[in-house]
Every structure is written in structure tokens, then in C-alpha cells.
Amino acid sequence: MTTIPAVLPPTPRKQTWNRQLAPSIAFTWLAAGWRDLKVQPLSSLMYGALVFLVSVAIVIGLVAFGWDYILFPAFAGFMVVGPLLAIGLYEKSRRIASGEAVSLMRMIFVNPRSGGQVLFTGILLCLLMLLWMRAAVIIYALFFGLRPFPGLDHIVPMLFTTPTGWMMLIVGSVVGGLFASFSFAISALSIPMLLNERVDALTAMGTSTALVWNNLPVMLTWGMIVLGLFLVSLATGLVGLILVFPLLGHGTWHAYQAIR
């Protein structure tokens, strides 16, 4: 007669995703990023200046072609592609840690270990940014119809002094929050991973999502730091990007090192 084996509790498995990091650790990443920035600071500041000049050129182009109605979604979309633009800053931090020479040219002409997978990830992030911008235009049309965009000087009163404007802000914030959460999850750690490891794009984005989800308190804190400093840059007419962008880029590298 066959004996049914006893039911045993599952064997404990080592936690592979949760790093047990306190939210305050995010500020140590920022401090580490500041230390990297101070190593040959001119290279990091020039990198930030290039990002600033490109951003200003895009803003001027949007206004000149009458596309100022997508200006605010474009600012939000910058948060999506920002991790890709910062790959040169990750390279500088990597070189500092390994004792290799650092220069602006090495930061611009980066040779990631994953090769063309970085380009593939960049295309996906750009498509996500365009989808986000299109969603913002559709939300505007749903609430205000086919009314032409009133211009930057009239849009704020329209949004904050009318019931329709308030409803659009609420719906837009919810939709934008979903886009922001998804883009942050897939890109926060995937670009540094593609730079440093030989891995494909989908694996890197999936790993980034898993690490962000399982270390949510510290990653939310880091996300709030990134958002806060980006808003400071916007308040300075994007000039703050010259300093803020390198600082966050170097800090993101240390976030990847601590949580990978």
C-alpha cells in the first residue's frame, strides 16, 4: 500500500530582489554623486551644459513651430529619456570607481558592454515619451474639445479657475502618474546595467522593474529627489540642469551599484 508523504513547509529561499535599504540611503547616493561630480568637475558640468543647450533648442523649436501646446508634456517626457541621456555620467562614475582615466570625450563616446541594446532601449523610451505626449493632447481635447491652445500665458488661468480645468488636471495627473511610474520602473536601473553588464534590453528593463518594486521605499525616495531637483531646474529656466543633471546622473550610478 502506497504511503502518502507528509506535507512539508516550503524550503526557505534567499531573497534575491529586496536589498533591505532604508529610504534615507537615497540621500547617500546623492552625496556620492556629488563626490563624483567634484572629480574633474568641468567634464560633468560641460556634459550638463550640453543637455541644457539641447533642451533649450527643443523648447525654442516647439514654440517657433507653434507646438507650444505639447511643451508641458515634453518637459514630463524629459524624465523618461533622462536616464538614457545620462549614460556618459554613468561612464564617468564607473571609471572613477575602477581607477580609469576620465574625460569629456570618453563620456560622450561611450562603449557599453551590452552594445546596441542601449540603442534599442533608447528607442523604446522615446516611443514611450511620444505616447505620453500624445495622451496629454488627447486628454486636453477630451475636456476642451477642438478649441485651439490658448498660449502659455492663458493656459494657467484656464486650468486653475474653471471646473473643466480642474477635472483635466486630476485626470491628467492620474494618467501622467501611471506613465511616470512605469517609465521610472523600467529605466531607473536598466541603462546603468546595460552600460556595465552584457545583458539584453528586455532583461535589463525587467530586472530594473523587479528591483524598483521590491525596494520601493528607497526607490520612491530617490524618485522624489529626482523630481524635486528637476522642478528646481525648471524654475531656473532650465539653467539648473547644468548642475542638477550631472549630480543626478552620478547619483543614479551609485543607486545601481547599491541595489543591483
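From a predicted model like this one, the values you see are computed outputs, not experimental measurements. (Residues numbered from 1 in each chain as written. Predicted model: local features only at pLDDT ≥ 70, side-chain atom pairs only at ≥ 80, totals over all residues. Heavy atoms only, no water.)

As for the overall build of the chain
Secondary structure assignment for the chain yields 12 helices and 0 strands. Listing every helix and strand of the chain by position from the N terminus yields α-α-α-α-α-α-α-α-α-α-α-α. In terms of its C-alpha atoms, the chain occupies a principal-axis envelope of roughly 80 × 60 × 35 Å. When each of the 260 residues of the chain is scored for burial, the buried share is 43%. Long-range pairs, those at least 24 residues apart, make up 76% of the contacts in the chain with a sequence separation of at least 6. Total accessible area on the chain stands at roughly 14200 Å², and carbon and sulfur atoms take up 73% of it. (Helix = DSSP H or I, 4+ residues; strand = E, 2+ residues; numbered from the N terminus. Buried < 20%, exposed > 50% of the residue type's maximum accessible area, 1.4 Å probe, protein only. Contact = heavy atoms within 4.5 Å. Areas by Shrake-Rupley, 256 points an atom, 1.4 Å probe, with all protein chains shown as cover.)

Notes on the nonpolar core
In terms of nonpolar packing, the biggest core is built from 60 residues, with Tyr 47, Met 219, Trp 222 and Phe 245 touching the most fellow members. Apart from the residues within four sequence positions on either side, Trp 222 is in contact with Ala 26, Trp 29, Leu 30, Phe 184, Leu 248, Gly 251 and Thr 252. Core analysis: the second largest hydrophobic core is formed by 7 residues, Tyr 140, Phe 144, Ile 155 and Met 168 among them. (Core = buried A, V, L, I, M, F, W, Y, C linked by side-chain atoms within 4.5 Å.)

Here's the deal with the pattern of salt bridges
Considering all chains together, one arrives at 4 salt bridges under this definition. Across the pair Glu 100 and Arg 94 runs a salt bridge, and its minimum N-O distance is 3.2 Å. Taken together, the shared-partner salt bridges in this structure form one network comprising Glu 91, Arg 94, Arg 95 and Glu 100. (Salt bridge = Lys/Arg side-chain N within 4 Å of Asp/Glu carboxyl O.)

Overview of the packing of helix 1 (residues 25–38) against helix 11 (residues 216–235)
Helix 11 packs onto helix 1 with a crossing angle of 50° between their chain directions and a minimal axis gap of 8 Å. Taken together, helix 1 and helix 11 sit at an angle that is classed as oblique. The handedness of the crossing between helix 1 and helix 11 comes out as right-handed. Residue-level inspection shows Ile 25, Ala 26, Phe 27, Trp 29 and Leu 30 of helix 1 in contact with helix 11, the latter providing Val 218, Met 219, Thr 221, Trp 222, Ile 225 and Leu 229. Residues belonging to the contact of helix 1 with helix 11 are distributed by class as follows: 10 nonpolar, 1 polar and no charged. (Axes fitted to C-alpha atoms, helices over the stretch in contact; angles between N-to-C directions. Parallel < 35°, antiparallel > 145°, perpendicular 65-115°, else oblique. Left-handed = near helix turned anticlockwise from the far one by under 90°. Nonpolar A, V, L, I, M, F, W, Y, C, P; charged D, E, K, R; others polar.)

Describing a nonpolar patch on the surface
Together, Leu 119, Phe 120, Ile 123, Leu 124, Leu 127, Leu 130 and Leu 202 line one region of the surface with nonpolar side chains, adding up to about 680 Å² of accessible area. The dominant element in the nonpolar patch, judged by the number of residues it contributes, is helix 6 (residues 117–144), at 6 residues. Along the polypeptide, Ile 123 turns up in helix 6. You can call Ile 123 partly exposed: its relative accessible area is 45%. (Patch = residues over 30% accessible without salt bridge, like charges linked within 9 Å, V, L, I, M, F, W, Y side chains within 5 Å.)

Focus on helix 11
Between the first and last C-alpha of helix 11 there are 28 Å, a value that for 20 residues agrees with the 28 Å anticipated at 1.5 Å per step. Listed in full, the buried residues belonging to helix 11 are Val 218, Met 219, Thr 221, Trp 222, Gly 223, Ile 225, Val 226, Phe 230 and Ser 233. Of the surrounding secondary structure, the elements contacted by the buried residues of helix 11 are helix 1, helix 3 (71–85), helix 8 (163–187), helix 10 (201–214) and helix 12 (241–259). (Expected span 1.5 Å × (residues − 1).)

A short note on the environment of Leu 104
Mapped onto the elements, Leu 104 comes out in helix 5 (residues 104–108). By relative accessible area, Leu 104 is classed as buried at 18%. Considering only alpha carbons, one finds Leu 104 and Lys 92, 12 residues apart in sequence, at a separation of 8.6 Å. Excluding anything up to four places from it in sequence, Leu 104 contacts Ser 43, Met 46 and Tyr 47.

Focus on the packing of aromatic side chains
Summed over all chains, the structure comprises 5 aromatic pairs. Seen from their ring centres, Phe 78 and Phe 230 are 5.5 Å apart, and the 10° between their planes marks the pair as stacked. Taken together, the residues Phe 78 in helix 3 and Phe 230 in helix 11 connect sequence positions 152 residues apart. With respect to class, Phe 78 is no different from Phe 230; both count as buried. Pairing Trp 132 with Phe 179 gives two aromatic rings, centres 5.7 Å apart and planes at 10°, and the pair type is stacked. (Phe/Tyr/Trp six-rings, centres within 6.5 Å; stacked < 30°, edge-to-face > 60°.)

Focus on the environment of Gly 206
Position of Gly 206 among the secondary structure elements: in helix 10. Among the residues examined, Gly 206 registers a relative accessible area of 37% and is labelled partly exposed. Sequence separation of Gly 206 and Ala 235 is 29 residues, and the distance between their C-alpha atoms is 34 Å.

Details of the side chain of Arg 94
Turning to its location among the elements, Arg 94 is positioned in helix 4 (residues 87–98). Only 3.0 Å separates the side chain of Arg 94 from the side chain of Glu 91, close enough to count as a polar contact. Setting aside its immediate chain neighbours within four residues, Arg 94 contacts Glu 100, Asn 196 and Trp 253. (Polar contact = N/O pair within 3.5 Å; in protein donor to acceptor, adjacent residues only side chain to side chain.)

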